[in-house]
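Residue strings, one per chain:
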Amino acid sequence: MADEHAILPFGLELQDAMLNYATSQPLTQGSMEGFEYYIFVAIPGIVPEYSLSGSSGMEIKGDKGVSVRKKGNTFRIVCDSGEPNEFRINGTDEKQIRILTIPRNIAIMSYLVDIEGSRHMIISNALILEDKSEIEILSSDGARVQVAIYPAMEKAPSVDHGRITMIDPANQVFSSFVVDLPEFSTGVELNWIQSNKFSVRLPGSKPKYVSDMVLRLDYFGDTGMGFMNGSLVADHFFNRYRC
């Protein structure tokens, strides 16, 4: 491990349980009916390990990829750092506690949003925006978007445009959905002004579910300049890549 920075917790109270230490970094926490959850991020090069102690009646159960060992009233939990893992703490006087560990490549695709009044984490390669009681999904890479939600939901949320379908999740702690967004394509009006200059006219309107239209040009030459309504908006030196 090199050039890694992390904040590692110790002496953290989780209701009636005490987190003596953890070798993964806290990301967020939330509360659902019947349980509280804590999400940690595995640090590259460090195996996620937790030490927890509590009352004699406390029990900890983990899913595949989680090793639980007990000595007295202290538990040592080791998780597989390559995949999401969850273990659950039972036997406290309050709610069940769930601890989820996710690798960093998943953490950087996660968003915290409110769904039906509860805090959830959405994982997706699309951009997720929250606006009051609504969630907006923005994708420039195809019309099909896959999302995973934690804690898992029993049914799919509704969508204003397109179609959402619940699918079998790769990991049972999540609920997974495929969102098929409406496809939109449009032509452009191209007029040559001279051999090295042309104008492009785009449609004056677009459907409500389309946030932006992107114009890409392939060209060969020294430089390329783009103007919109008389103002320079792109100044590009030819480098074999699109502008």
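Our subject is the structure that appears above.
Residues numbered from 1 in each chain as written. Predicted model: local features only at pLDDT ≥ 70, side-chain atom pairs only at ≥ 80, totals over all residues. Heavy atoms only, no water.

### As for the overall build of the chain
A count of helical and extended segments in the chain gives one helix and 21 strands. Radius of gyration (C-alpha) of the chain: 25 Å, far over the 18 Å computed for a compact globule of 243 residues. The dimensions of the chain, computed from C-alpha atoms along their principal axes, are 85 × 45 × 30 Å. Out of the 243 residues belonging to the chain, those deemed buried represent 33%. In the chain, of all internal contacts separated by at least 6 residues, the share reaching a separation of at least 24 is 46%. Carbon and sulfur atoms form 48% of the exposed surface of the chain, whose accessible area is close to 15800 Å². (Helix = DSSP H or I, 4+ residues; strand = E, 2+ residues; numbered from the N terminus. Rg over C-alpha atoms; globule rule 2.2 N^0.38 Å. Buried < 20%, exposed > 50% of the residue type's maximum accessible area, 1.4 Å probe, protein only. Contact = heavy atoms within 4.5 Å. Areas by Shrake-Rupley, 256 points an atom, 1.4 Å probe, with all protein chains shown as cover.)

### Quick word on the sheet that holds strand 11 (residues 110-115)
Reading across the sheet, the five strands line up as 11-12-15-17-16 and stay open at both edges, with antiparallel pairing between neighbours. A strand with exactly one partner marks an edge of an open sheet, and here the two such strands are strand 11 and strand 16 (163-167). When strand polarity is set aside, the average angle formed by the axes of neighbouring strands in this sheet is 35 degrees. As defined by bridge partners, strand 11 adjoins strand 12 (residues 118-123) across six bridges and the pair is classed as antiparallel. By the bridge assignment, Asp114 is partnered in strand 12 with Arg119. (Pairing = 2+ DSSP bridges. Axes fitted to C-alpha atoms, helices over the stretch in contact; angles between N-to-C directions.)

### Quick notes on the layout of surface pockets
Taken as a whole, the largest pocket holds about 1700 Å³ of empty space. Surrounding the largest pocket, 45 residues form its lining, Ile137, Leu138, Ser139, Leu181 and Tyr209 being those nearest its centre. Considering only residue class, the lining of the largest pocket consists of 23 nonpolar, ten polar and twelve charged. When its volume is computed, the second largest pocket comes out at roughly 1300 Å³. Together, 27 residues line the second largest pocket, and Phe198, Leu217, Met225, Gly226 and Phe227 are the ones closest to its centre. The element best represented in the lining of the second largest pocket is strand 20 (residues 223-228), accounting for six residues. Partitioned by chemical class, the residues of the lining of the second largest pocket number 16 nonpolar, eight polar and three charged. (1 Å grid on protein atoms, 1.4 Å probe; cavity = no way out; pocket = protein on both sides within 12 Å on 5 of 7 lines; lining within 4 Å. Points joined across faces, edges and corners; volume = space filled by probe spheres on them. Nonpolar A, V, L, I, M, F, W, Y, C, P; charged D, E, K, R; others polar.)

### Some words on the pattern of salt bridges
The full count for this structure, using the stated rule, is seven salt bridges. Among the ionic pairs, Asp114 bridges to Arg119, the shortest N-O distance being 3.4 Å. (Salt bridge = Lys/Arg side-chain N within 4 Å of Asp/Glu carboxyl O.)

### Examining the sheet that holds strand 1 (residues 10-14)
Within the open sheet, the five strands sit side by side as 1-2-5-8-7. Their pairing is antiparallel. Whereas interior strands pair on both sides, the edge strands pair on one side only; in this sheet they are strand 1 and strand 7 (66-71). Across this sheet, the average inter-strand angle for adjacent strands is 25 degrees, counted without regard to direction. Note that strand 1 and strand 2 (residues 17-22) share four bridges and pair antiparallel. In the sheet register, Leu14 faces strand 2, and the bridge partner there is Ala17.

### Remarks on the packing of aromatic side chains
On inspection of all chains with the given rule, the structure shows five aromatic pairs. Each ring, one from Tyr50 and one from Phe87, has its centre 5.3 Å from the other, and the planes form 65 degrees; the classification is edge-to-face. Remark: Phe87 occurs in strand 9 (residues 85-90) and Tyr50 occurs in strand 5 (residues 49-53); sequence separation between them is 37 residues. According to the relative accessible area criterion, Phe87 is buried, its value standing at 0%. An aromatic cluster is present here, built from Tyr37, Tyr150 and Phe174 joined pairwise through their rings. Just above the ring of Phe35 sits the side chain of Arg98; from NZ or CZ to the centre is 3.7 Å. (Phe/Tyr/Trp six-rings, centres within 6.5 Å; stacked < 30°, edge-to-face > 60°. Lys NZ or Arg CZ within 6 Å of the ring centre and 35° of its normal.)

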